[in-house]
Amino acid sequence: MAGSIAIEVKSGRRMALPTTLRSVMLVGPLLAFTIAVFILPLGLMLTQAVSTPEFSRALPQSAAVLRAAKGSGIPDAQSVATLRDELAAAYGSPALGALALAINSDFPGARSVILQTARRLASKPQGNLADALSELEAINDAWADPGFWRVLRNNAGAVTDRYLLRAVDLERDANGAITSVGDDHAIYRAAAVRTFTISLLVTLLSLFLGYPYAFLLANTSGRANTILLTCLMLPFWVSLLVRTTAWIVLLQNEGLINKTLISMGLIHNPLALIYNRTGVIIAMAHVLMPFMVLPLISVMRSVKQDLLRASAACGARPMQTFFRVYWKLTLPGIAAGSVLVFIQAVGYYITPALIGGPDDQMLGYFVALHTNETLNWSMAAAIASILLLAILALYVVFNKIAPIEQGLT
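Read on for an overview of the structure.

**Details of the overall build of the chain**
Here's step 1: The helix and strand inventory of the chain stands at 20 helices and two strands.
Here's step 2: What you see for the chain is a C-alpha radius of gyration of 30 Å, clearly larger than the 22 Å of a compact globule of 409 residues, by over 25%.
Here's step 3: Taken over the C-alpha atoms alone, the chain extends approximately 95 × 95 × 35 Å along its principal axes.
Here's step 4: Burial analysis of the chain (409 residues in total) assigns 38% to the buried set.
Here's step 5: Excluding contacts between residues fewer than 6 apart, the proportion of contacts in the chain whose partners are at least 24 apart in sequence is 69%.
Here's step 6: Per element, the accessible surface of the chain, about 22,700 Å² overall, is 67% carbon and sulfur.
Here's step 7: Separation of charge centres in the chain, based on 30 positive and 23 negative side chains, amounts to 17 Å.

Take a look at the structure:
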C-alpha cells in the first residue's frame, strides 16, 4: 500500500513538472519584456537621479581627495595640487568634457573654467605644491571662489540628493542644511502645480464629456453603436503630432471655430483659444477622452437594469435614481478612467509645447529640456522620479476612495 502511494506521488510530480515548465515558458517572454522595457528603465532612471559619476570618471584621485577634505571652502594645498595635476593629465578626454558640462548646471560658467584651466595647465610644466592654488587663480578667478569649490565637492561624491532637492526647488547651503532656492531659480514647484492643475482640468473635462458618451455607447446597439464607437476610436488612427497640428488650425483666430461663432453672431471678436491654457486643455481632452470612455462602457454594461427599475418602483425620481444608484455603481469606471487620463496628462509634452504659451509648459517640457538641450540627464531623471512618486501616491489615495481594479475588469 505504501509503495503504491509513493509511486502515485512520484508520477504526480512528473506530471506537475511539465505543467510548471509550460507555464514558465508562456509567462517568461512577457516577464522578460516587462523587465526590459519597464522595470529596468525605471531602475536606471531612479539611479541616474541620485548618481554623479562624472567627477569620479574624469578625476578619480581628486574626487577621493575632495570627499575626504573637511570644511566647505577651499581645501588644503595638497588637495589643490592633486586636482591641478589631474586636470592637466585629463585635458582632451571626453570624461573631462562630461564633467565640465555636469558642473555647469550648478555653477554657470564652470564648463569654460574647467576646460580653460585644463588646456592652460597641459601646455606648461607643473609647478610646485605651494603654488598650485595661485596657478589656478591666475588662469581663472573662479578658483578663488569658495562657492566653486563647494560645487566641486558636491559633485565629487558618487551619490547625491541635490538633483532631487532641486526638482522641488530646494538645495543645501554651505552648512549642509536644506533651504529653498532663490525666487529667480524657483521654477519646478510652479511647474508641478501647473502640471497637476492642467491634468486635473483635462480629467474633469474628459469625464464631463465622456460620461454621457459612454452612456450612449453602453445603451445602444447596431449601426448607431458602431458609428459612436468609430468616432471614439478615430483619434487613435492619427498620430499625436497630426492631431495637435489640426487643433492649431481649428483654434487660431482665423480658424474654423472662431469663424463659425462670428458668423452665427455669438461673438464679435475672435476668442483667444490658442497659445494659452484653454487650447491646451481642449486639445488634451480630445486626445485622452477615449481612455475615460472605455472603462466607463465596461462598467455601465454590467449595471443591472433591475436595480434601476426597483429604484423607480420605490418612488425615486429619475435624478434620484441616477445619483443614488447608477452613479455609485459606475464609480469604479470613473475611478479607472480618471486615473488613466490623469496619469497620461501629467506626462504630456508635445501638445502644451505647440498649443500652450510660456506659462503653460508642464514638467514634461523640463524633462525634455534637460535631456535634449542642457544634457543634464540627472536633473531630467530627478524631475521624472518626483513625478513618478507623486503619481504613485495619488494612485494609492484614489484607489482607497474608489477601487480602480473593478473598472478595468
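That shown, we press on.
**Things to note about the pattern of salt bridges**
A side chain of one charge can pair with a side chain of the opposite charge when the charged atoms of the two come close.
Here's step 1: As enumerated under the stated definition, the model contains three salt bridges in all.
Here's step 2: Residues Glu135 and Arg84 are paired through a salt bridge, measuring 2.9 Å at the closest nitrogen-oxygen approach. One end of the pair, Glu135, is in helix H7 (residues 132-139); the other, Arg84, is in helix H4 (residues 77-90), and 51 residues separate them in sequence.
Here's step 3: Exposure remark for Glu135: the relative accessible area of 12% places this residue in the buried category.
Here's step 4: With its nearest N and O atoms 3.0 Å apart, the salt bridge here joins Asp360 to Arg277. Linking Asp360 in the loop between helix H18 (350-355) and helix H19 (363-372) with Arg277 in helix H14 (residues 277-302), this pair joins segments that are 83 residues apart in sequence.
Here's step 5: The exposure class of Arg277 is partly exposed, given its relative accessible area of 29%.
Here's step 6: Each of Arg84, Asp85 and Glu135 takes part in salt bridges that share partners, so that together they form one network.

**Observations regarding the nonpolar core**
Here's step 1: The biggest cluster of nonpolar side chains holds 38 residues, and the ones touching the most others in it are Val202, Met284, Val293 and Leu296.
Here's step 2: For this core, the secondary structure elements donating two or more residues are helix H10 (188-218), helix H11 (222-233), helix H12 (240-251), H14, helix H16 (318-329) and helix H17 (331-346).
Here's step 3: The element that contributes the greatest number of residues to this core is H14, accounting for 13 residues.
Here's step 4: Beyond its immediate stretch of four places on either side in the chain, Leu296 contacts Leu207, Gly210, Tyr211, Ala214, Thr330, Gly333 and Ile334.
Here's step 5: Core analysis: the second largest hydrophobic core is formed by 31 residues, Ala58, Leu87, Leu99 and Val113 among them.

**Some points on H4**
Here's step 1: Compared with an ideal rise of 1.5 Å per residue, which puts 14 residues at 20 Å, H4 spans 20 Å between its outermost C-alpha atoms and is within 8% of the ideal.
Here's step 2: Restricting attention to buried positions, one finds in H4 the residues Ser79, Val80, Ala81, Thr82, Leu83, Arg84, Glu86, Leu87, Ala88 and Ala90.
Here's step 3: Each element contacted by the buried residues of H4 is listed here: helix H2 (53-58), helix H3 (60-68), helix H5 (94-104), helix H6 (110-122), H7 and helix H8 (146-156).
Here's step 4: Of the residues one or two after H4, Gly92 is the one with positive phi, at around 90°.

What counts, and where the lines are drawn
- Residues numbered from 1 in each chain as written.
- Predicted model: local features only at pLDDT ≥ 70, side-chain atom pairs only at ≥ 80, totals over all residues.
- Heavy atoms only, no water.
- Helix = DSSP H or I, 4+ residues; strand = E, 2+ residues; numbered from the N terminus.
- Rg over C-alpha atoms; globule rule 2.2 N^0.38 Å.
- Buried < 20%, exposed > 50% of the residue type's maximum accessible area, 1.4 Å probe, protein only.
- Contact = heavy atoms within 4.5 Å.
- Areas by Shrake-Rupley, 256 points an atom, 1.4 Å probe, with all protein chains shown as cover.
- Lys, Arg positive; Asp, Glu negative; His and termini not counted.
- Charge placed at Lys NZ, Arg CZ, Asp CG, Glu CD.
- Salt bridge = Lys/Arg side-chain N within 4 Å of Asp/Glu carboxyl O.
- Core = buried A, V, L, I, M, F, W, Y, C linked by side-chain atoms within 4.5 Å.
- Expected span 1.5 Å × (residues − 1).

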